[in-house]
Amino acid sequence: MDYPTSVFVAGNYAYITSRNSNALEIVNISNKSAPFHAGNISDGQGGALLQGAQRVVVSGNYAYVASSTSNALEIVDVSNPAAPVHAGSITNGQGGAVIFSPKAVAVNGNYAYVGSGFVTQNALEIVDISNPANPVHAAALLDGQDGAKVNVPNGLYAAGNFVYIANSNDILSVVDVSDPLHPRHEAFISNGIGGALLRYAYSVTVADHYAYVASRDSNALEIVDLGSTVWAPKGYGSGINVTSPTLIDGGSLNLTPLAEGTYNVVVINADGTQGVLDRAFTISNVPPIAGFTAERSPRSGRASRPGTGRSVTRPVHGTTPRTELSGIPRSRTMPRAASRSISR
């Protein structure tokens, strides 16, 4: 192994990408105190594209490798770890695929998600892997498309309907892939928002509604509270305005389609910047409400519901003018700093 860049453990085996060896190494770890070589596959072997093997994940009988110099997603059959064989691959431009200098890969169900880009072609590529011998381009979300933040994506994590992206431009972003053919930018949190330490976000994993981000240039582990992943579509609100860094006022929210629960409010500008009202309001044991009008101060964050005589008081985290609105029930995703980070 020369310059190992990633490792994935499945069962009694560890799968390691070896960047300078242009290979995927497989190690038997059934005896943790005495691991030993089980098998490997190198670039060109059986048609494998493993130049600059950067990142690997294993799902079922297949290993999926982001090969940065090959500009490819390589799929290796590891049903026999002692004799891995090339199963299939897809390269940059093939069928419209955007796989340029890929550094990250994640798999969920029948789709592989590949982080593409270095100086150009920054994108989240989605590959249909239902037939591993013939992977095909399904869709791509380009950096800047509908506000998407995909800039040299170093790390990916796919879970449920969302892909979480650690970007080298100091951003953790979230993409809705509930329809893999039409991925949609949902949210992001950048370095400094709420105290977040995200300089050169390098890798990300998600567990129990929190994202854990290794931030290379912050020398930190950043923990982000994802809140809820049940995102209301754009257009649930209108007329929301940030009149100053400490005041968000005006506008309305349509709550009729929303279930009971506590919600964040996310307001996003056309330029992609965003603000967050953390735990802005709660719906419980009330009939459907046609509209919601909010006026918030930096201290009270008070939101009143017309005709109910009730209000909620929550802290205000958004500080930048916004023009679009999304509401989120807090059982799955609005990124916000969790006030937990470790740095050295």
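Residues numbered from 1 in each chain as written. Predicted model: local features only at pLDDT ≥ 70, side-chain atom pairs only at ≥ 80, totals over all residues. Heavy atoms only, no water.

## With respect to the overall build of the chain
On a plain count of helices and strands, the chain comes out with zero helices and 29 strands. The buried share of the chain, taken over its 344 residues, is 50%. When contacts within the chain are restricted to residue pairs at least 6 apart in sequence, those whose partners lie at least 24 apart make up 49%. Accessible surface, the chain: about 14300 Å² in total, of which carbon and sulfur atoms supply 49%. (Helix = DSSP H or I, 4+ residues; strand = E, 2+ residues; numbered from the N terminus. Buried < 20%, exposed > 50% of the residue type's maximum accessible area, 1.4 Å probe, protein only. Contact = heavy atoms within 4.5 Å. Areas by Shrake-Rupley, 256 points an atom, 1.4 Å probe, with all protein chains shown as cover.)

## Overview of the sheet that holds strand S16 (residues 184-190)
Spatially, S13-S14-S15-S16 is the arrangement adopted by the four strands of the open sheet, whose pairing is antiparallel. The outermost strands of the open sheet, each flanked by one partner alone, are strand S13 (153-159) and S16. Looking at each pair of strands side by side, their axes are set apart by 20° on average, direction ignored. Pairing geometry for strand S15 (residues 171-176) and S16, over six bridges, is antiparallel. (Pairing = 2+ DSSP bridges. Axes fitted to C-alpha atoms, helices over the stretch in contact; angles between N-to-C directions.)

## Points about the sheet that holds strand S6 (residues 62-67)
Taken in spatial order, the four strands line up as S5-S6-S7-S8 in an open sheet, and their pairing is antiparallel. Lying at the two open borders of the sheet, with one neighbouring strand each, are strand S5 (53-59) and strand S8 (85-91). Between one strand axis and the next, the sheet turns through 20° on average, direction left out of account.

## Some details on the packing of aromatic side chains
For the structure on display, the rule yields one aromatic pair. Ring geometry for tyrosine 200 and tyrosine 202: centres 6.3 Å apart, planes at 25°, overall stacked. The ring of phenylalanine 188 has lysine 149 sitting right over it, with the charged end atom 5.0 Å from the ring centre. (Phe/Tyr/Trp six-rings, centres within 6.5 Å; stacked < 30°, edge-to-face > 60°. Lys NZ or Arg CZ within 6 Å of the ring centre and 35° of its normal.)

## Here we look at the environment of asparagine 71
If you trace the backbone, asparagine 71 turns up in the loop between S6 and strand S7 (72-77). Distance in space between the C-alpha atoms of asparagine 71 and proline 102 is 6.3 Å, their sequence separation being 31 residues. What asparagine 71 contacts, discounting residues up to four positions off in sequence, is Ile90, Thr91, Asn92, Ile99, Phe100, Ser101 and Pro102. In this structure the side chain of asparagine 71 is engaged in a polar contact, spanning 2.8 Å, whose partner is the backbone nitrogen of serine 101. (Polar contact = N/O pair within 3.5 Å; in protein donor to acceptor, adjacent residues only side chain to side chain.)

## Describing the confidence of the model for the chain
On average, residues of the chain score 79 in pLDDT, and 67% of them are at 70 or above. Counting interchain partners and residues more than four positions distant, the pLDDT-below-50 stretch residues 228-234 has 38 contacts. In the model, residues 269-273 has pLDDT below 50 throughout and makes 13 contacts with residues more than four positions away in sequence or in other chains. (pLDDT = per-residue confidence, 0-100.)

## Examining the nonpolar core
Judged by nonpolar contacts, the single largest core of 16 residues is most densely connected at Tyr113, Leu124, Leu156, Val163 and Ile165. Listing elements by their share of this core, those giving two or more residues are strand S9 (104-108), strand S10 (111-116), strand S11 (123-128), strand S12 (136-142), S13 and strand S14 (162-167). Setting aside residues up to four positions removed in sequence, leucine 124 forms contacts with Tyr113, Val114, Ala139, Ala140, Leu141, Val150, Leu156, Val163, Ile165 and Val175. (Core = buried A, V, L, I, M, F, W, Y, C linked by side-chain atoms within 4.5 Å.)

## Notes on the pairing of S14
Counted residue by residue, S14 has six buried out of six residues, so it is predominantly covered. Of the two faces of S14, the one carrying Phe162, Tyr164 and Ala166 and the one carrying Val163, Ile165 and Asn167 are both buried. Across six bridges, the pairing between S14 and S15 is antiparallel. Counted as the bridge partner of isoleucine 165 is serine 173 from S15. Following S14, the chain reverses through three residues before pairing antiparallel with S15; aspartate 170 in that reversal takes a positive phi of roughly 70°.

## Comments concerning the pattern of salt bridges
As enumerated under the stated definition, the model contains three salt bridges in all. With a closest N to O distance of 3.3 Å, aspartate 176 and arginine 184 form a salt bridge. When the shortest N-O distance is used, the salt bridge between aspartate 217 and arginine 216 registers 3.0 Å. The exposure class assigned to aspartate 217 is partly exposed, which follows from its relative accessible area of 30%. Judged by its relative accessible area of 44%, arginine 216 falls in the partly exposed class. One connected set of salt bridges, linked through shared partners, spans Asp176, Arg184 and Glu186. (Salt bridge = Lys/Arg side-chain N within 4 Å of Asp/Glu carboxyl O.)

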